[in-house]
Amino acid sequence: MKTLELQFLSEDQKTVRVSIEDPIEPIDTAKIKDAMSNVLSSQVLVGSAGLPLISMKGARLIEQNITNYTIEG
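In this report, the structure presented in the accompanying data block is examined. (Residues numbered from 1 in each chain as written. Predicted model: local features only at pLDDT ≥ 70, side-chain atom pairs only at ≥ 80, totals over all residues. Heavy atoms only, no water.)

Observations regarding the sheet that holds strand β1 (residues 2-10)
With antiparallel pairing, the three strands of this open sheet are ordered in space as β2-β1-β3. Each edge of the open sheet is held by one strand with a lone partner, namely β2 (15-21) and β3 (53-63). Each adjacent strand pair in this sheet contributes to an overall mean axis angle of 20°, direction not counted. Judged from the nine bridges that link them, β1 and β3 form a sheet pairing that is antiparallel. Bridge pairing in β3 places F8 opposite M56. Against the sheet, helix α1 (residues 29-42) engages β1 and β3, with an angle of about 140° to β3. (Pairing = 2+ DSSP bridges. Helix = DSSP H or I, 4+ residues; strand = E, 2+ residues; numbered from the N terminus. Axes fitted to C-alpha atoms, helices over the stretch in contact; angles between N-to-C directions. Contact = heavy atoms within 4.5 Å.)

Structure follows, in structure tokens:
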């Protein structure tokens, strides 16, 4: 499973993360930057302290592998 994590900075310089599951690949960094700019300009998200987001910090693609095991007791 892959997740695209968008990272923003809030007014108090804390990182705010927005995760998107199963992003379209290959990742288009120009589209990510545009989307993040739109989030900032629309002010639809705030940090956990209620403070506005002020800048983009970065983005990263996280890949997670999960293996389930059946344990018989």
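Side note on unusual backbone geometry
Note: most peptide bonds trans; most residues except glycine with negative phi. Of note, the bond from E25 into P26 is cis; its omega dihedral lies within 30 degrees of zero at 0°. Along the chain, the position of P26 falls in the loop between β2 and α1. Unusually for a residue other than glycine, Q13 sits at a positive phi of about 65°. Note that Q13 resides in the loop between β1 and β2. Backbone geometry places D22, a non-glycine residue, at a positive phi of 50°.

These figures capture arrangement, not role.
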